[in-house]
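# Fold and contact review
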Amino acid sequence: TALNTAPAHQGEAASVAAAVASGAPSYLTFSIGVDVVTQLDHVTEILPYPETLTATALGGLLGLITHRRAAVPVFCLATLLGRTERPVGTATCLLLVDVDGGPVAFAVDSLRSIAPMTWTDAEQTVRGAAADRGATLRTAPLVRVGEDGRLLPDLDLRAVARRVQRSPATIPTQATSVDRLLVR
């Protein structure tokens, strides 16, 4: 499949319009020190970063918040993906994901855009087990969204949440790379 990764042009605006008209899924672009995307329907809510978190003794967990009468664990998504922990800034927010009836929140640096997917290669080869596809930066397929000419990792936040829920004892600290833990 030929790739056009040049900056957006007028023809690409038409491509975005065609993607919207054809019902292409919407993607949320956000930053965790690097820009990534996730399907918008994977995110239940977007919340402001709380002023306080209930501390826990579990390494790698930023803390807990109460949202809609539920205790919600808050993780630094960058750390879960083997990157350095990101400082909380004015644009930091939480992406709330509902997995198997339980909410999980991921702290991200900032939101970039919401746009339809305009390109993917269904046959692209991705490293790792098929069950882990999209749960790490290494196993995330590349997609193009909106008029952005870049290919970005399509992170499956629900798969990340499931991996964390299955292995709470292996939640990483800054010194541990989760990519090593998640790609078994």
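Summarised in this report is the structure supplied together with it. None of these values were measured; they are calculated from a predicted model.

Quick look at the sheet that holds strand E6 (residues 93–99) now. Taken together, five strands build an open sheet; the order of strands is E3-E6-E7-E5-E4 and the sheet is mixed. Pairing within the sheet leaves two strands with one partner each, and these edge strands are strand E3 (45–48) and strand E4 (61–67). Between one strand axis and the next, the sheet turns through 30 degrees on average, direction left out of account. Where E6 lies against strand E7 (residues 102–108), seven bridges are found, and the strand directions are antiparallel. From the neighbouring strand, Leu 94 faces E7, where its bridge partner is Ala 107. Seen against the sheet, helix H3 (residues 157–166) touches strand E5 (70–76), E6 and E7 and runs at an angle of roughly 75 degrees to E6.

One recurring pattern in soluble globular proteins: nonpolar side chains tend to sit buried together. Counting 24 residues, the largest nonpolar core has Phe 30, Ile 32, Leu 77, Phe 106 and Leu 157 as the members making the most contacts within it. When sequence neighbours within four positions are dropped, the list of residues in contact with Phe 30 reads Asp 35, Val 36, Val 37, Thr 38, Leu 77, Leu 95, Val 108, Ser 110, Leu 111 and Arg 112. Residues Ile 65, Val 74, Leu 96 and Ala 107 belong to the second largest nonpolar core, which totals eight residues.

Attention now moves to the pairing of E6. With six of its seven residues buried, E6 lies for the most part within the structure. Across four bridges, the pairing between E3 and E6 is antiparallel. Residue pairing in the sheet places Ile 46 in a bridge with Leu 95 of E6. The antiparallel hairpin formed by E6 and E7 contains two residues in its connecting segment, where Asp 100 sits at a positive phi of about 50 degrees.

Spatially, five strands are ordered E2-E1-E8-E9-E10 in an open sheet, and the strand pairing comes out antiparallel. Each edge of the open sheet is held by one strand with a lone partner, namely strand E2 (35–39) and strand E10 (152–153). Both strand E1 (residues 26–31) and E2 contribute to a ladder of five bridges, which runs antiparallel. Looking at E2, one finds that Ser 31 is bridged to Asp 35.

What counts as what
- Residues numbered from 1 in each chain as written.
- Predicted model: local features only at pLDDT ≥ 70, side-chain atom pairs only at ≥ 80, totals over all residues.
- Heavy atoms only, no water.
- Pairing = 2+ DSSP bridges.
- Helix = DSSP H or I, 4+ residues; strand = E, 2+ residues; numbered from the N terminus.
- Axes fitted to C-alpha atoms, helices over the stretch in contact; angles between N-to-C directions.
- Contact = heavy atoms within 4.5 Å.
- Core = buried A, V, L, I, M, F, W, Y, C linked by side-chain atoms within 4.5 Å.
- Buried < 20%, exposed > 50% of the residue type's maximum accessible area, 1.4 Å probe, protein only.

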